[in-house]
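# Structure assessment
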Amino acid sequence: IAQMYQPIRQITRLSTRFSKASVSIERISEILDTEPDIQDVPDAVLPKDLRGEIEFSHVSFGYPTGKPILRDISFHIQPGERVALVGASGAGKSTIARLLIRLYDPQQGEVRIDGIEVGRYQRTGLRREIGVVLQDSILFGTSIRENIGYGSPDATLDDIEAAARLVHADEFIRNLPDGYDTVLGESGGNLSGGQKQRLCLARALLRKSSILILDEPTSAVDAKSQALIRDAIDNLHGGKTVLVIAHQFHTIRNFDRILVLKQGVIVEQGSHEALMQMGGHYHELYKLQHGLRAA
Ligand code: ATP
């Protein structure tokens, strides 16, 4: 088991970091090191060619050290659906993503992917099959080409460039002194937060996983990058299931569905228009965000 996590330890060492990345990486390695209770079941299934169906069924969860966070959460996401999770800070959005990639097991209820409980899959295989772009995703002190290709050993340079084009990163990469061979320095060199996020998204897309989880940056990303990332997600082909933890409401207007989380409970769900008309928690959060912006 320890050997399996060796690459991740190396990542921790090699990484150049996003703003808050150090916290996150340490948290990841800490979790991998200190969770003996989360292990593969003896006959664990290797996830392969997933369709990308996600189901939470009466899931309740609290971190080992604390109070209950998620309470009786149920929702069902069809393969290829684009769903956003919104809610105030601390509502439990990231926790839902963590259960999905099985960083933790729920105390009650079941999390299923393609109808199989995530606890029945091989954990490392599961992580490979789900593309995850966290707010604090990491870049390494190697070339841009290697950064995008990380985790896709069979990808050709053409594949890497195609992924970069999908996230509209190709142009800025070509404008760097060494193009795709530009070696990123500490903290991602001189790249902006949005450029870094797009490289991480390209990396996730290159893996051709059937599920993409994107934890949208809160504020570090410039408006242009934000729009480019949104456009890349709008243009994804191939029926990928997309789950975005959204902090900016304007990026999710045309999502299939928005799940609204309040203190660990899903209080509303629907399209942006439907939720605005409902005049409930979503509407309240929306007004709050726009009010704060105007201030
Ligand atoms: P944000 O928008 O600020 O990222 P969120 O909705 O994603 O918030 P979570 O990160 O899911 O919220 O956190 C939900 C609650 O769980 C918070 O009260 C948080 O303090 C707590 N929490 C998160 N991670 C841990 C942990 N590893 N151990 C204990 N409590 C935690």
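Thresholds applied
Residues numbered from 1 in each chain as written. Predicted model: local features only at pLDDT ≥ 70, side-chain atom pairs only at ≥ 80, totals over all residues. Helix = DSSP H or I, 4+ residues; strand = E, 2+ residues; numbered from the N terminus. Contact = placed C-beta atoms within 7 Å. pLDDT = per-residue confidence, 0-100. Pairing = 2+ DSSP bridges. Axes fitted to C-alpha atoms, helices over the stretch in contact; angles between N-to-C directions. Core = buried A, V, L, I, M, F, W, Y, C linked by C-beta atoms within 7 Å. Buried ≥ 20, exposed ≤ 12 C-beta atoms within 10 Å, placed from the backbone. Parallel < 35°, antiparallel > 145°, perpendicular 65-115°, else oblique. Left-handed = near helix turned anticlockwise from the far one by under 90°. Nonpolar A, V, L, I, M, F, W, Y, C, P; charged D, E, K, R; others polar. Near = placed C-beta within 6 Å. Expected span 1.5 Å × (residues − 1).

### Focus on the overall build of the protein
- Across its full length, the protein carries eleven helices and twelve strands.
- In the protein, the proportion of contacts linking residues at least 24 apart, taken out of those at least 6 apart, comes to 73%.

### What about the confidence of the model for the protein?
- On average, the protein scores 83 in pLDDT, and the residues at 70 or more come to 82%.
- The low-confidence segment residues 1-36, where pLDDT is below 50, has 38 contacts with residues more than four positions distant or belonging to other chains.
- As scored by the predictor, the complex reaches a pTM of 0.82 and an ipTM of 0.97.

### Thoughts on the sheet that holds strand β10 (residues 241-245)
- An order of β7-β9-β10-β4-β11-β12 is seen for the six strands of this open sheet, with the pairing classed as mixed. Looking along the sheet, the strands with just one partner apiece sit at the ends: β7 (130-133) and β12 (265-270). Sheet twist, expressed as the average angle between the axes of neighbouring strands with direction ignored, equals 15°.
- Note: strand β4 (residues 82-87) against strand β11 (residues 257-262), five bridges, orientation parallel. From the neighbouring strand, G87 faces β11, where its bridge partner is L261.
- Most of the contacts of helix α8 (residues 193-206) go to β7, to which it runs at about 175°, and overall it touches β7 and β9 (211-215).

### Observations regarding the nonpolar core
- A84, V167, L201, A202, I213 and I258 are the most contacted members of the largest nonpolar core, which totals 66 residues.
- With near-sequence residues (within four places) excluded, A84 lies in contact with V244, A246, I252, F255 and I258.

### Section: the packing of helix α6 (residues 157-166) against α8
- Axis separation between α6 and α8 bottoms out at 8 Å; the angle between their running directions is 125°. Relative to α8, the element α6 is oriented oblique. For the element pair α6 and α8, the recorded crossing hand is right-handed. Residues D159, I160, A163, A164 and L166 of α6 lie in contact with α8, whose contacting residues are A202, L205 and L206.
- In the contact of α6 with α8, the residues fall into seven nonpolar, no polar and one charged.

### Section: the site of the ligand
- By nearness alone, every residue bordering the ligand is listed as Y63, T65, G66, I69, G87, S89, G90, A91, G92, K93, S94 and T95.
- Top element by residues in the shell around the ligand is helix α3 (residues 93-100). It accounts for three residues.
- Class assignment of the residues belonging to the shell around the ligand gives a composition of three nonpolar, eight polar and one charged.

### Describing helix α9 (residues 223-234)
- If you check α9, its first and last C-alpha atoms are 16 Å apart, about what twelve residues at 1.5 Å a residue would give, namely 16 Å.
- When we look at burial in α9, the residues that qualify are S225, L228, I229, R230, A232 and I233.
- Looking at the buried positions of α9, the neighbouring elements they touch are α6, α8 and β10.

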